[in-house]
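# Residue-level structural notes
Letter by letter, the chains look like this.
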There are 4 protein chains.
Amino acid sequence: MSIMALLGSSRRNGNTEYLVNKALQDIDHKTIYLLENEIKPIVDKRHANENFSDVNDDYERLFLEFLKHDTLFFVTPLYWFGMSGQLKNFIDRWSQYLRDNRFDFKEEMKKKKAYVIVVGNNPDPKISALPLIQQFDYIFNYVGIEFVDYIIGKANKPNEILKDSSALKKANLWNEKLKSSTVK
Amino acid sequence: MSIMALLGSSRRNGNTEYLVNKALQDIDHKTIYLLENEIKPIVDKRHANENFSDVNDDYERLFLEFLKHDTLFFVTPLYWFGMSGQLKNFIDRWSQYLRDNRFDFKEEMKKKKAYVIVVGNNPDPKISALPLIQQFDYIFNYVGIEFVDYIIGKANKPNEILKDSSALKKANLWNEKLKSSTVK
Amino acid sequence: MSIMALLGSSRRNGNTEYLVNKALQDIDHKTIYLLENEIKPIVDKRHANENFSDVNDDYERLFLEFLKHDTLFFVTPLYWFGMSGQLKNFIDRWSQYLRDNRFDFKEEMKKKKAYVIVVGNNPDPKISALPLIQQFDYIFNYVGIEFVDYIIGKANKPNEILKDSSALKKANLWNEKLKSSTVK
Amino acid sequence: MSIMALLGSSRRNGNTEYLVNKALQDIDHKTIYLLENEIKPIVDKRHANENFSDVNDDYERLFLEFLKHDTLFFVTPLYWFGMSGQLKNFIDRWSQYLRDNRFDFKEEMKKKKAYVIVVGNNPDPKISALPLIQQFDYIFNYVGIEFVDYIIGKANKPNEILKDSSALKKANLWNEKLKSSTVK
């Protein structure tokens with residue numbers, strides 16, 4: 001197993017970061033903070049005469065890193081009841097790589113498993129984050145990624161997630177399971 | 001009534017653009033193509049010592065334009081079962097303006113009405129776009145915008161929307177209603 | 001094509017009945033009013049030693065009728081944000097017939113197409129009925145029925161649906177399409 | 001605190017029953033097995049000249065019991081991606097009691113809190129049960145019940161829930177919290 005955490009938050013040391021660190025404590029993994037990278041929005045050339053163009057940003061480097069890992073943590077605060085724009089742009093750009101001859105995109109994706117961590121605040125994210133969970137499910141189904149599980153945490157201010165015992169317990173449970181399977 | 005259409009597509013002359021033109025045919029309105037503007041992702045400073053910073057892109061100009069209109073069309077292809085990253089960044093940046101003393105953000109928003117146009121393809125968007133419709137509902141409720149109605153169209157290639165008679169009829173119906181209310 | 005409308009309302013001449021009559025105007029079809037029939041809840045014997053038992057109510061007669069038709073209208077008011085208990089019991093009882101050797105249940109279901117008509121009132125059913133639409137989608141996927149389309153109408157008092165021009169137009173559109181395909 | 005568990009399953013000793021027993025272990029509570037009661041579907045008389053009629057079944061007795069408790073567990077297997085018909089009929093009948101002068105229905109409901117336990121199997125209920133969770137949220141909002149939390153378990157055969165460590169942990173967590181608040 002090779003684990004990568006993709007953090008969509010626009011600030012460091014937030015509640016989503018706390019939860020993913022809990023889930024991956026003492027487990028070898030690669031973390032990518034999208035806020036430290038520039039990811040331009042997709043320019044759709046699917047129906048143009050020309051092909052998709054090279055884009056001058058950090059995306060290809062991140063995408064190549066992404067491909068190397070089979071266990072992916074998609075981690076995002078609930079921004080306006082969806083994933084952050086940063087993370088959305090990361091996923092939107094898949095449309096270009098789906099059509100890039102250098103990769104067998106869907107074949108690569110089928111080997112991957114995904115965990116989702118979302119933290120929201122008000123109205124209660126255990127309900128208001130459900131459309132986002134459904135969206136992730138559609139995304140993963142579309143490309144063949146297995147959707148292992150998700151955590152919906154409730155917090156606003158820094159460290160408020162420490163009060164969400166249900167989210168913390170689930171992060172611990174993931175940690176135990178991942179540890180026992182990485183050991184083997 | 002003062003109408004603005006906010007187009008989230010990453011290409012011109014697509015199916016979403018066709019539908020919104022149908023809905024707003026012969027009606028005075030302002031159109032903004034997000035792809036022609038640079039909108040950076042939000043940098044969250046809600047919990048920082050410093051305030052939100054000025055951002056060097058097209059957002060503030062677009063946002064000031066947005067504020068001038070009371071009837072808003074949010075128009076986006078279904079990208080990965082959500083709104084486009086461009087449109088998501090437009091909305092994510094509201095978080096900064098919510099806290100900007102120059103505006104009474106929520107008071108301004110309460111005066112607005114929204115229409116949503118989404119076009120997807122596969123799996124059938126009349127189901128797979130529903131999480132996005134629910135997300136828009138949460139967004140509009142949060143800031144007090146009235147959610148008038150939505151159209152979910154089905155199309156992929158350019159002009160394929162011409163075959164979706166249900167979406168076209170609904171765009172026509174909106175057009176008739178908007179015309180009769182703008183005349184008054 | 002052989003059409004059957006299954007009406008889940010607990011009263012006659014309501015808004016859902018109006019819409020389905022509009023959609024099926026001048027088209028040969030069979031209507032079943034669930035309120036005129038007794039349908040007991042399922043008694044789950046999947047994990048019991050004994051088999052499912054015969055049930056003394058109207059279900060088997062209705063189910064045999066149901067099997068004869070390939071185009072099905074599931075019509076229900078939005079009761080507590082779901083289908084009526086009557087209609088739910090009709091569907092719950094499928095679990096017994098899935099395991100009944102007299103029928104090749106899934107093979108029969110795969111030949112069928114479904115239309116859904118829901119009418120709600122408050123909060124606005126174009127949003128609050130979406131979980132029910134998603135539930136129908138899961139149901140139809142599970143047994144292989146094609147989900148052609150749905151109408152969500154807004155009305156409360158008798159005949160209030162006459163004010164929902166969008167729902168009426170869509171019922172008309174279905175009527176035109178069904179007529180042209182039944183003629184052939 | 002006065003706790004009532006309302007079990008919608010059509011068989012005893014199933015996985016939902018296991019989970020609710022875990023959550024309420026060593027805590028005083030009243031359990032109602034809907035399968036042991038007859039609950040007829042609602043007959044809608046909202047728009048009739050006559051009033052709602054008395055119904056000859058077990059409902060009124062159950063409803064009076066329901067009113068006595070402030071903490072409610074709605075427990076149901078995922079039948080066809082919704083609550084069981086038995087439980088749906090229980091809730092549908094609220095429509096009659098909303099209009100019954102003997103009760104101040106909404107005032108009574110506002111004092112209550114709800115927990116939901118759902119167990120499904122395939123496709124994975126952590127996604128396919130979400131429309132049902134959203135439906136419960138609409139129901140509780142409509143009448144003013146506070147929606148405390150939900151568990152979505154995954155199991156099919158008897159006792160298979162023992163393998164769902166995430167659901168079991170959450171039931172334990174509820175148990176601890178309820179115990180500490182009932183002690184006070």
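Residues numbered from 1 in each chain as written. Chains lettered and ligands numbered in written order. Predicted model: local features only at pLDDT ≥ 70, side-chain atom pairs only at ≥ 80, totals over all residues. Heavy atoms only, no water.

In the annotation of an unreviewed UniProt entry, chain A is listed under the name Flavodoxin family protein and assigned to Ornithinibacillus caprae.

### Notes on the pattern of salt bridges
One pass over the full model with this rule turns up 56 salt bridges over all chains. With a shortest N-O distance of 3.6 Å, Arg12(B) and Glu36(B) are connected by a salt bridge. In this pair, Arg12(B) is assigned in the loop between strand S1 (3-7) and helix H1 (15-23) and Glu36(B) in the loop between strand S2 (29-33) and helix H2 (59-67), connecting sequence segments 24 residues apart. Sharing partners across several salt bridges, the network here consists of Arg12(A), Glu17(A) and Glu36(A). (Salt bridge = Lys/Arg side-chain N within 4 Å of Asp/Glu carboxyl O. Helix = DSSP H or I, 4+ residues; strand = E, 2+ residues; numbered from the N terminus.)

### Quick notes on the interface of chain C and chain B
Taken residue by residue, the interface counts 19 residues in chain C and 19 residues in chain B. Summing the contributions of chain C and of chain B, the shared interface buries around 1,600 Å²; its carbon and sulfur component is 59%. The tally of links between chain C and chain B comes to zero salt bridges. Ranked by residue count, the leading element in the side of chain C that touches chain B is helix H8 (residues 165-183) of chain C, at seven residues. The residue makeup of the side of chain C that touches chain B, split by class, is nine nonpolar, three polar and seven charged. (Contact = heavy atoms within 4.5 Å. Buried area = accessible area lost by both parts, 1.4 Å probe. Nonpolar A, V, L, I, M, F, W, Y, C, P; charged D, E, K, R; others polar.)

### Overview of unusual backbone geometry
Between Asn122(B) and the following residue, Pro123(B), the backbone shows a cis peptide bond with an omega angle of -5°. Assignment of secondary structure puts Pro123(B) in the loop between strand S4 (113-120) and helix H6 (125-128). With phi around 70°, Asn159(A) is a residue other than glycine that occupies positive phi space. Within the secondary structure, Asn159(A) is located in the loop between strand S5 (146-154) and helix H8 (165-183). Note on Asn159(A): relative accessible area 46%, which makes it partly exposed. (Buried < 20%, exposed > 50% of the residue type's maximum accessible area, 1.4 Å probe, protein only.)

### Comments concerning the relation of the copies chain B and chain A
Each of the two copies of the chain can be brought onto the other by a rotation about an axis and a shift along it. Superposition of chain B onto chain A requires a rotation of 180° combined with a translation of 0.0 Å along the rotation axis, giving an RMSD of 0.0 Å. This pairing of chains is accounted for by a two-fold axis. For chain B, the smallest separation between a C-alpha atom and the rotation axis is recorded for Pro131(B), amounting to 2.2 Å. Both copies contact each other with a shared surface, as 100% of the interface residues of chain B are interface residues in chain A too. (Least-squares fit on C-alpha atoms with pLDDT ≥ 70 in both.)

### Topic: the interface of chain B and chain A
On the chain A side, the residues contacting the 37 residues of chain B number 37 residues. Contact with chain A buries area across many residues of chain B, yet His47(B), Trp80(B) and Tyr138(B) alone supply 26% of it, more than any other trio. Scanning the region where chain B abuts chain A turns up one salt bridge. Seen at the junction of chain B and chain A, the total is 16 residue pairs in polar contact (both at pLDDT 80 or more). At the level of secondary structure, the elements contributing two or more residues to the side of chain B that touches chain A comprise helix H3 (85-92), helix H4 (94-97), H6 and helix H7 (130-143) of chain B. (Polar contact = N/O pair within 3.5 Å; in protein donor to acceptor, adjacent residues only side chain to side chain.)

### Things to note about the nonpolar core
Where a protein is soluble and globular, its nonpolar side chains tend to be buried together. If you look at the biggest cluster of nonpolar residues, it comprises 163 residues, and the most contacted ones within it are Trp94(A), Trp94(B), Trp94(C) and Trp94(D). Once residues within four sequence positions are removed from consideration, Trp94(C) is found in contact with Tyr59(C), Phe63(C), Phe66(C), Phe74(C), Phe105(C), Met109(C), Ile139(C), Val143(C), Ile145(C) and Trp80(D). (Core = buried A, V, L, I, M, F, W, Y, C linked by side-chain atoms within 4.5 Å.)

### Here's the deal with the sheet that holds strand S2 (residues 29-33) of chain C
Residue and element names in this part refer to chain C. Reading across from one edge, S2-S1-S3-S4-S5 is the order of the five strands in this open sheet, with parallel pairing throughout. Each of the sheet's edge strands pairs with one partner strand only, and the pair in question is S2 and strand S5 (146-154). Each neighbouring strand pair of the sheet contributes to a mean axis angle of 15°, computed without reference to strand direction. With five bridges connecting them, strand S1 (residues 3-7) and strand S3 (residues 71-77) associate as parallel partners. Within the sheet, the bridge partner assigned to Ala-5 lies in S3 and is Phe-73. Sitting on the sheet, helix H3 (residues 85-92) touches S1 and S3, and the angle it makes with S3 is about 140°. Taken strand by strand, helix H7 (residues 130-143) contacts S3, strand S4 (113-120) and S5, and its axis lies near 160° from that of S5. (Pairing = 2+ DSSP bridges. Axes fitted to C-alpha atoms, helices over the stretch in contact; angles between N-to-C directions.)

### Structural notes on the relation of the copies chain C and chain B
Least-squares fitting of chain C to chain B yields an RMSD of 0.0 Å, with the transformation described by 0.0 Å of translation along the axis and a rotation of 180°. In this assembly, 100% of the residues forming the interface of chain C have copies in chain B that are likewise at the interface, indicating an isologous arrangement.

### Overview of the sheet that holds strand S2 (residues 29-33) of chain D
Residue and element names in this part refer to chain D. The five strands lie next to each other as S2-S1-S3-S4-S5, forming an open sheet whose pairing is parallel. With partners counted over all chains shown, the strands left at the sheet margins are S2 and strand S5 (146-154), one partner each. Going across the sheet, the axis of each strand differs from the next one's by a mean of 15°, ignoring polarity. For strand S3 (residues 71-77) and strand S4 (residues 113-120), the ladder comprises seven bridges, and the chain directions are parallel. Paired with Thr-71 across the two strands is Lys-113, which belongs to S4.

### Focus: the UniProt feature "domain: Flavodoxin-like fold" (unreviewed entry) in chain A
Feature annotation in UniProt places "domain: Flavodoxin-like fold" (unreviewed entry) on residues 23-157 of chain A, given in this structure's numbering. Here residues 23-157 of chain A runs as 33% helix and 21% strand, with 20 Å between its end C-alpha atoms. (UniProt positions renumbered as here; feature names shortened; annotations may be inferred.)

### Quick notes on helix H7 (residues 130-143) of chain A
All names here are of chain A. An ideal rise of 1.5 Å per residue puts 20 Å on 14 residues; H7 measures up with 20 Å between its terminal C-alpha atoms. With respect to burial, H7 is a largely interior element, 12 of its 14 residues being buried. Taken residue by residue, H7 has Leu-130, Pro-131, Leu-132, Ile-133, Gln-134, Gln-135, Phe-136, Asp-137, Tyr-138, Ile-139, Phe-140 and Val-143 as its buried positions. Just beyond H7, the residue with positive phi is Gly-144, at close to 90°. (Expected span 1.5 Å × (residues − 1).)

### Looking at the packing of H7(C) against helix H7 (residues 130-143) of chain D
For the pair H7(C) and H7(D), the least separation of the axes is 9 Å and the interaxial angle reads 155°. Classed by the angle they form, the pair H7(C) and H7(D) counts as roughly antiparallel. For H7(C) against H7(D), the interelement crossing comes out left-handed. Mapping the contact onto sequence places Pro131(C), Gln134(C), Gln135(C) and Tyr138(C) in H7(C) and Pro131(D), Gln134(D), Gln135(D) and Tyr138(D) in H7(D). Here the residues of the contact of H7(C) with H7(D) are counted per class, giving four nonpolar, four polar and no charged. (Parallel < 35°, antiparallel > 145°, perpendicular 65-115°, else oblique. Left-handed = near helix turned anticlockwise from the far one by under 90°.)

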